[in-house]
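So you can see what is in the structure, the chains are spelled out below.
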Amino acid sequence: MRFEDYKSISFSRRGKVLTATLNVPDQLNAIAGALHTELAHLFPDVAADPDTDVLVLTGAGRAFSAGGDLSHIDKMRNDPHGFSEAVREAKRIVFGAIDCDKPVIAKVNGDAIGLGATVALFCDIIFAADTARLGDPHVKIGLVAGDGGAIIWPQMIGYARAKHYLLTGDLVPAPEAAAMGLINFSLPAEELDAAVDAYADRLAAGATKAIRWSKVTMNIGLKQLAHQMMDAGMAYEAMASITADHGEAIAAMRERRKPAYTGR
């Protein structure tokens, strides 16, 4: 895709630094539908763009990407073909982020939840406003964190912490996330833009090939792990999507009540 063809992601450029903004603020930049598809194209397109040396990824409005869209989740439950397409796109998002040899900075301006958190955590350097929260609450809607969360969280904070957050779906405030090593930096929201700009400029002024090849080298193990885990994770998520508990979770969200799970 050409950058001008994107509808749910907007772009701005400052020298060799390209900023991509998830731009569906009325849906809190939920990664579904067109935005899901465009994210599957974004990282390969950036990798192939000769005018970009550094990518900054952020969100419009109050959130970076605050979780899934309920109507889309419900639709996928009853649309096996659509779910299989979503699986392909999810794999392209994860492997696109890993394979992009250019440094990617996540500017987490607000909550990054579910796949939104996964996208942020697969970036190379993560800045977050201190008011933001990160989390992967797939289990809270009866699903498996198969679209990348189960891969990246243990690599960032170890298995003990990762299991706590992925098995409970609890959210992590950005200052705590920085303290435990889930993200790089947490800072006041009013300082976020300047800090990210300065860091992006520092990378853009560096030895471009050395930076890219260092990233590629570090990502070899992560890429191998993703290849080992991604298909299994998405298969388990597909199985979970047809369980009674997932249906109950959707109904409870619609009815604004606590779900009554039965383990089925």
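Residues numbered from 1 in each chain as written. Predicted model: local features only at pLDDT ≥ 70, side-chain atom pairs only at ≥ 80, totals over all residues. Heavy atoms only, no water.

1. Quick word on the sheet that holds strand β5 (residues 104-108)
Backbone hydrogen bonds are what pair the strands of a sheet, in a parallel or an antiparallel way.
Logical step 1: In space, the six strands of this open sheet follow the order β1-β2-β3-β5-β7-β10, with mixed pairing throughout. The sheet is open, and its two edges are formed by β1 (9-14) and β10 (185-187), each paired on a single side. In this sheet, neighbouring strand axes are inclined to one another by 20° on average, regardless of whether the strands run parallel or antiparallel.
Logical step 2: Relative to strand β7 (residues 125-129), β5 is paired through four bridges, and the arrangement is parallel. Across the sheet, K107 pairs through a bridge with F127, a residue of β7. (Pairing = 2+ DSSP bridges. Helix = DSSP H or I, 4+ residues; strand = E, 2+ residues; numbered from the N terminus. Axes fitted to C-alpha atoms, helices over the stretch in contact; angles between N-to-C directions.)

2. Overview of the layout of surface pockets
Logical step 1: What the second largest pocket holds in volume is close to 450 Å³.
Logical step 2: Around the second largest pocket sit 24 residues that line it, and C123, D124, I125, M218 and N219 are the ones nearest its centre.
Logical step 3: Within the residue set of the lining of the second largest pocket, elements represented by two or more residues are α3 (80-99), β7, α5 (149-168), α7 (189-204) and α8 (208-240).
Logical step 4: Ranked by the residues each element gives to the lining of the second largest pocket, the list is headed by α8, at six residues.
Logical step 5: Its residues assigned to classes, the lining of the second largest pocket shows 17 nonpolar, five polar and two charged. (1 Å grid on protein atoms, 1.4 Å probe; cavity = no way out; pocket = protein on both sides within 12 Å on 5 of 7 lines; lining within 4 Å. Points joined across faces, edges and corners; volume = space filled by probe spheres on them. Nonpolar A, V, L, I, M, F, W, Y, C, P; charged D, E, K, R; others polar.)

3. Comments concerning the nonpolar core
Logical step 1: If you look at the biggest cluster of nonpolar residues, it comprises 60 residues, and the most contacted ones within it are L39, L42, L57, V108, W153, L182 and I183.
Logical step 2: The dominant element in this core, judged by the number of residues it contributes, is α3, at eight residues.
Logical step 3: Leave out the neighbours within four places in its chain, and V108 touches F64, A120, I126, F127, A128, A129, A132 and L192.
Logical step 4: Formed by twelve residues, the second largest nonpolar core is a distinct cluster that contains V17, F127, L192 and V196. (Core = buried A, V, L, I, M, F, W, Y, C linked by side-chain atoms within 4.5 Å. Buried < 20%, exposed > 50% of the residue type's maximum accessible area, 1.4 Å probe, protein only. Contact = heavy atoms within 4.5 Å.)

4. Quick word on the side chain of E248
Logical step 1: Following the sequence through the fold, E248 ends up in helix α9 (residues 244-255).
Logical step 2: Apart from residues no more than four positions distant in its own chain, E248 is found in contact with R257, K258, P259, A260 and Y261.

5. Considering α8
Logical step 1: When the local axis directions of α8 are compared, the greatest deviation, roughly 40°, occurs at N219.
Logical step 2: For α8, the set of buried residues is R212, K215, N219, L222, L225, A226, M230, G233, M234, E237 and A240.
Logical step 3: Of the surrounding elements, those touching the buried residues of α8 are α3, β5, α5 and α9. (Bend = angle between axes of the 7 residues up to and from the residue.)

6. A closer look at unusual backbone geometry
Logical step 1: Here the phi dihedral of L28 falls at roughly 55°; this positive angle occurs in a residue that is not glycine.
Logical step 2: Within the secondary structure, L28 is located in the loop between β2 (17-22) and α1 (33-48).
Logical step 3: Residue classification places L28 among the partly exposed residues on the basis of a relative accessible area of 27%.
Logical step 4: At R256, a residue that is not glycine, the phi angle is positive and equals roughly 55°.
Logical step 5: Structurally, the position occupied by R256 is in the segment after α9.

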